[in-house]
Every structure is written in C-alpha cells, then in structure tokens.
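Chains, contacts and geometry: an overview
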Amino acid sequence: MNSSDARLLTMPAEGVIALQTVLGIIDDHALVADPWVYASLTKSLQENVPVSTGGDGDEIALSLTISEADLLLRGLAFTEAMSIELPWYEMVVYTVQFVGDALLGLWTDAEWLAYRDGARQ
C-alpha cells in the first residue's frame, strides 16, 4: 500500500495520545513486522495536525494507510490482552474499542479482507 491509499482519521487528542502509547508498546515488545510501516506511523503520530472543532477541544487529523491501521489494531489487541489484570482494565477495553472502531471504519469489510488476504501471501 502506498500513501495514495491513505485515509484520514480524525479523533480527539486523547485518542491520538492512546495511539502514541500503543506505538510505544509495539516498540517495547518488538511487535513490528514491517519497519517501514512503523517508521511512517511514528512520523505521522509525531506530526499530527490539530483540527479546530469549535467545541471544548481540538481534534487531531491523521493520514493512515491500511498497513499502519493494521499495526495499530494489532498493538491495541496486544495492549488489551496484557492489561487484563490491571485495575483500570475496563478503561483499556473502552479505549481499545473506541479507537479500534475508528480505525476499522476507515475501510470497508471488503477492503480489510483484501488487505488481509494480500498480507498473508
């Protein structure tokens, strides 16, 4: 996938902070499968662009490829699994579901299936 296949994810700053945390967990546990995707995602998260919403807080717009979203989804799943015994586990689950739904919603089910089929080859 190239950058022309990127989709725009807009979410509250707290969601982007969660993604940055997940990226750190991915790095700490050597979950990186593709160093290029990891490097691109790191750059994207560091250069996030605030979007004024006119409300209480700004939202952040991120341009993500499906490969980057997939890496984040795998990191979210790992984070959830490793957090099961923490007292704030319910908040982890809520955050994983919120951010995961936002990432999954950027592409159709057919696009995800095509990506996963291609990634396995």
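Residues numbered from 1 in each chain as written. Predicted model: local features only at pLDDT ≥ 70, side-chain atom pairs only at ≥ 80, totals over all residues. Heavy atoms only, no water.

Some thoughts on helix 1 (residues 13-28)
An ideal rise of 1.5 Å per residue puts 22 Å on 16 residues; helix 1 measures up with 23 Å between its terminal C-alpha atoms. Taken together, the buried positions of helix 1 are Gly-15, Val-16, Ala-18, Leu-19, Val-22, Leu-23 and Ile-26. The buried residues of helix 1 all sit within an arc of 155° when viewed along its axis, so they share a single face. Seen from the open side of helix 1, the exposed residues pointing more than 90 degrees away from its buried face are Glu-14 and Asp-28. Where helix 1 is buried, its residues contact strand 1 (7-12), helix 2 (35-46), strand 3 (59-64), helix 3 (66-82) and helix 4 (89-104). Two residues or fewer after helix 1 comes Ala-30, characterised by a positive phi angle close to 50°. (Helix = DSSP H or I, 4+ residues; strand = E, 2+ residues; numbered from the N terminus. Expected span 1.5 Å × (residues − 1). Buried < 20%, exposed > 50% of the residue type's maximum accessible area, 1.4 Å probe, protein only. Arc of directions from axis to C-beta. Contact = heavy atoms within 4.5 Å.)

Concerning helix 4
In this model, helix 4 (16 residues) spans 22 Å end to end at C-alpha, consistent with the 22 Å of a helix rising 1.5 Å per residue. Taken together, the buried positions of helix 4 are occupied by Val-92, Val-93, Val-96, Val-99, Gly-100 and Leu-103. Along the axis of helix 4, the buried residues cluster in a sector spanning 150°; they form a single face. Opposite the buried face of helix 4, by more than 90 degrees, sit the exposed residues Glu-90, Met-91, Tyr-94 and Asp-101.

So, the packing of helix 3 against helix 4
With their axes 10 Å apart at the nearest point, helix 3 and helix 4 run at an angle of 165° to one another. If you check the angle between helix 3 and helix 4, you find them roughly antiparallel. Both helix 3 and helix 4 take part in a crossing whose hand is left-handed. Facing helix 3, whose interface residues are Ala-69, Leu-72, Leu-73, Leu-76, Thr-79 and Glu-80, helix 4 presents Tyr-89, Val-92, Val-93, Val-96, Val-99, Gly-100, Leu-103 and Leu-104. When the residues that make up the contact of helix 3 with helix 4 are grouped by side-chain class, the tally is 11 nonpolar, two polar and one charged. (Axes fitted to C-alpha atoms, helices over the stretch in contact; angles between N-to-C directions. Parallel < 35°, antiparallel > 145°, perpendicular 65-115°, else oblique. Left-handed = near helix turned anticlockwise from the far one by under 90°. Nonpolar A, V, L, I, M, F, W, Y, C, P; charged D, E, K, R; others polar.)

What to know about the layout of surface pockets
Taken as a whole, the largest pocket holds about 170 Å³ of empty space. If you go around the largest pocket, the residues you meet are Ala-18, Thr-21, Val-22, Ile-25, Leu-76, Thr-79, Ser-83, Met-91, Val-92, Thr-95 and Val-96. Within the residue set of the lining of the largest pocket, elements represented by two or more residues are helix 1, helix 3 and helix 4. Among the residues making up the lining of the largest pocket, the classes are represented as seven nonpolar, four polar and no charged. (1 Å grid on protein atoms, 1.4 Å probe; cavity = no way out; pocket = protein on both sides within 12 Å on 5 of 7 lines; lining within 4 Å. Points joined across faces, edges and corners; volume = space filled by probe spheres on them.)

Some thoughts on the nonpolar core
In this structure, Leu-19 and Leu-103 are the most contacted members of the largest nonpolar core, which totals 28 residues. Looking at this core, the elements with two or more residues in it are strand 1, helix 1, helix 2, strand 3, helix 3, helix 4 and helix 5 (109-120). Among the elements that line this core, the one with the most residues is helix 3, at six residues. The residues touching Leu-103, leaving out its near neighbours within four places in the chain, are Leu-9, Leu-19, Leu-64, Ala-69, Leu-72, Leu-73, Leu-76 and Trp-112. (Core = buried A, V, L, I, M, F, W, Y, C linked by side-chain atoms within 4.5 Å.)

From the geometry alone we can't say anything about function, so treat these as descriptive.
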